[in-house]
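# Overview (structure and organization)
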Amino acid sequence: MIGTEQGKATGGKEISAENFAFLQQQVYRESGIVLEPGKQYLVEARLAPIARQHGLASVNELCNLLRAVSNDGLRRRVVEAMTTNETQFFREPAQYEALRTTLLGELLAARRSPRPLTCWSAAASTGQEAYSLAMLAAEMGLAANDCDILGTDLAEAVLERARAGRYSQLEVNRGLPAAYLVKYFTRQGLEWILKEEIRRRVRFQRHDLRDSARHLGPFDLVFCRNVLIYFDHETKRRILQLVREAMYPGGYLLLGAVETILDLDHLFERRRVGQAIVYRAR
Amino acid sequence: MAKAMVVDDSRAVRLILRRTLEKHGYQVYEAGHGKEALAVLDQHPDVRLMLVDWNMPEMNGLELVRAVRSDPERARIVLMMVTTETEIEQMVRALAAGANEYVMKPFTEEVITDKLRLLGVIS
Ligand SMILES: C[S@@+](CC[C@H](N)C(=O)[O-])C[C@H]1O[C@@H](n2cnc3c(N)ncnc32)[C@H](O)[C@@H]1O
């Protein structure tokens, strides 16, 4: 065990078992995310820069500070640093293909009254998912006010990047069709900036998936992808129930490739469209 | 086995791209410039995917794309440019000439595989 002894030997640099447990508890309470044992290296890598910025010698000292003073801003930053924000344009292309060929058309036709289609990117991170949908809608000839897109995330830092709509070369290289890049982006030095015509199609706001989303919806289409994997079983179940409560019956839920609706078959019906698996709200 | 070609004047780049394609079941040919690529294509008309650099001696990538697309028999070859050219105007030219996709260097392996998946040429 990397206990306090070794911690002392290395000038208290390595995170103590006690502090790791403290951070596990903080992250769980603030986000629902379960930090698995053995992720000490990850904690070190992600929190050391924050410790340094506060003039602290180690992550252990950062933990001491968090215990000593009630500082919401700092606590939030620590939790945000521990979340994985990886995303990309048109991640899991088969799902976008299903939207293009089948689902968006069906959803548009199923509306009882003339109203915009309502779409929600529920763990939006830096915005690529919501903007991919916006580009797809534009390509399909949907006007901005025919298709309302909301992106939410727990972390303010990623939402700010999402709102800015500025991406690095690596980010636009990944998964974004070149035809869309040339059509919907402008280049400024090393950055690629999403054009206003796409940016204005999406709104971003902070939302914790563990809270009710009724006031945000109801939605026809929900992306809740690559976020459930970080939660424990009970939290996943509760989030899926809350998501269902914010959807129109007949609306569609898209999950990440390795995620499932667990045992909630009474809420969602599994459907295959081409190569994609989607879930229809009952 | 499906066949692919990597066209780049850098041996190192060819090697990286070859390995990626081989992982996805392709038999891979190499060419160091456009003219050589056309010769390889004459020998192996069943090549269905080409990754093409832009700046090369003899015949550059854009000229190669145009040459391939001028032959109706080769209309179904999937062409992806992989290049240090990052101006939008250049991309537009490549797409207009008939390239199906475009990757900017430097790339990672995921960048290549994501695009190939998008093109439906790997699963
Ligand atoms: C890996 S990203 C997924 C991005 C995108 N959905 C995708 O599939 O590419 C996970 C995101 O979930 C967010 N997240 C984590 N816990 C959350 C919570 N309790 N409520 C809302 N968002 C949360 C993180 O901030 C992060 O941006």
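## Describing the overall build of chain A
From N to C terminus, chain A includes twelve helices and ten strands. Rg of the C-alpha trace for chain A: 21 Å, near the compact-globule value of 19 Å for 282 residues, within the 12% margin. Its C-alpha atoms put chain A at 65 × 50 × 30 Å along the principal axes. The burial tally for chain A puts 51% of its 282 residues in the buried class. A fraction of 73% describes how many contacts in chain A between residues 6 or more apart in sequence connect residues 24 or more apart. Accessible surface for chain A amounts to roughly 13,000 Å². Of this, 50% is attributable to carbon and sulfur atoms.

## Concerning the site of the ligand
All names here are of chain A. With respect to spatial proximity, 21 residues lie near the ligand, and among them S31, T87, R91, D153 and N226 are the closest. Within the contact set of the ligand, an oxygen atom lies 2.8 Å away from a side-chain nitrogen or oxygen of N226. Isolated, the ligand exposes 610 Å² of accessible area, and the fraction of that covered by the protein chains is 99%. Each residue belonging to the shell around the ligand can be placed in one class, and the counts come to seven nonpolar, eight polar and six charged.

## Some words on the sheet that holds strand β4 (residues 78-83) of chain B
Residue and element names in this part refer to chain B. As summarised here, the arrangement of the five strands in space is β2-β1-β3-β4-β5, forming an open sheet in which the pairing is parallel. Pairing within the sheet leaves two strands with one partner each, and these edge strands are β2 (27-31) and β5 (101-104). Strand-to-strand twist across the sheet, computed as the mean angle between neighbouring axes with direction ignored, equals 20°. Two strands pair when backbone bridges link them, and β4 and β5 are joined in this way by four bridges, in the parallel orientation. Paired with M80 across the bridge in β5 is E101. With respect to the sheet, helix α5 (residues 109-118) is in contact with β3 (47-52), β4 and β5, its orientation differing from that of β5 by roughly 170°.

## Comments concerning the sheet that holds strand β3 (residues 166-168) of chain A
All names here are of chain A. Strand order in the open sheet formed by three strands is β3-β5-β4, and the pairing between neighbours is antiparallel. Strands with a single pairing partner mark the edges of an open sheet, and in this sheet they are β3 and β4 (185-188). Neighbour to neighbour, the strand axes of the sheet diverge by 35° on average, direction disregarded. Here four bridges tie β4 to strand β5 (residues 191-194), and the two strands are oriented antiparallel to one another. Of the residues in β5, the one forming a bridge with F185 is L194.

## Some points on the packing of helix α2 (residues 34-43) of chain B against helix α3 (residues 61-69) of chain B
Residue and element names in this part refer to chain B. At their nearest, the axes of α2 and α3 sit 9 Å apart, and the two run at 30° to each other. Put simply, α2 runs roughly parallel to α3. Read as a crossing pair, α2 and α3 show a hand that is right-handed. For the pair α2 and α3, contact is made by G34, A37, L38 and L41 and by L64, A67 and V68, respectively. Split into classes, the residues belonging to the contact of α2 with α3 amount to six nonpolar, one polar and no charged.

## As for the packing of aromatic side chains
Residues and elements named next belong to chain A. Tallied over the full model, the rule gives eight aromatic pairs over all chains. Each ring, one from W120 and one from F219, has its centre 5.0 Å from the other, and the planes form 20°; the classification is stacked. Within this pair, whereas W120 is found in strand β1 (residues 117-121), its partner F219 is found in strand β7 (residues 219-224), the two being separated by 99 residues in sequence. Comparing W120 with F219 shows no difference in burial state: the two are buried. Three or more aromatic residues link up through ring pairs in this structure, and these residues are F90, Y96, Y180, Y184 and F223. Directly above the ring of F22 sits R67, whose terminal nitrogen or CZ lies 4.3 Å from the centroid.

## Brief notes about α2 of chain B
All names here are of chain B. When we look at burial in α2, the residues that qualify are G34, A37, L38, V40 and L41. Angularly, the buried residues of α2 cover 160° about the axis, an arc narrow enough to put them on a single face. Opposite the buried face of α2, at more than 90 degrees from it, the exposed residues are D42 and Q43. On its buried face, α2 is in contact with β1 (3-7), β2, β3 and α3.

## Quick word on the confidence of the model for chain B
In the predicted model, chain B carries a mean pLDDT of 96, and 100% of its residues have values of at least 70. Among the scores for the predicted complex, ipTM is 0.92 and pTM is 0.91.

## Some words on the interface of chain B and chain A
Frequently, the measure chosen for interface size is the accessible area that the parts lose on association. Opposite the 18 residues of chain B that make contact, chain A presents 18 residues. Both sides of the chain B and chain A interface together cover about 1,500 Å² of buried area, and 64% of this is carbon and sulfur. On the chain B side of the interface with chain A, the three residues burying the most area are I88, M104 and L118 of chain B, jointly 34% of the side's total. Our count for the contact surface shared by chain B and chain A stands at two salt bridges. A salt bridge links D114 of chain B to R174 of chain A; the shortest N-O distance between them is 2.9 Å. Remark: the boundary between chain B and chain A carries eight residue pairs in polar contact (both at pLDDT 80 or more). Counting residues per element, the ones that place at least two in the side of chain B that touches chain A are α4 (88-97), β5 and α5 of chain B. Examining the composition of the side of chain B that touches chain A, we find that five residues originate from one element, α5 of chain B, more than from any other.

So, how was this worked out
Residues numbered from 1 in each chain as written. Chains lettered and ligands numbered in written order. Predicted model: local features only at pLDDT ≥ 70, side-chain atom pairs only at ≥ 80, totals over all residues. Heavy atoms only, no water. Helix = DSSP H or I, 4+ residues; strand = E, 2+ residues; numbered from the N terminus. Rg over C-alpha atoms; globule rule 2.2 N^0.38 Å. Buried < 20%, exposed > 50% of the residue type's maximum accessible area, 1.4 Å probe, protein only. Contact = heavy atoms within 4.5 Å. Areas by Shrake-Rupley, 256 points an atom, 1.4 Å probe, with all protein chains shown as cover. Near = heavy atom within 4 Å. Polar contact = N/O pair within 3.5 Å; in protein donor to acceptor, adjacent residues only side chain to side chain. Nonpolar A, V, L, I, M, F, W, Y, C, P; charged D, E, K, R; others polar. Pairing = 2+ DSSP bridges. Axes fitted to C-alpha atoms, helices over the stretch in contact; angles between N-to-C directions. Parallel < 35°, antiparallel > 145°, perpendicular 65-115°, else oblique. Left-handed = near helix turned anticlockwise from the far one by under 90°. Phe/Tyr/Trp six-rings, centres within 6.5 Å; stacked < 30°, edge-to-face > 60°. Lys NZ or Arg CZ within 6 Å of the ring centre and 35° of its normal. Arc of directions from axis to C-beta. pLDDT = per-residue confidence, 0-100. Buried area = accessible area lost by both parts, 1.4 Å probe. Salt bridge = Lys/Arg side-chain N within 4 Å of Asp/Glu carboxyl O.

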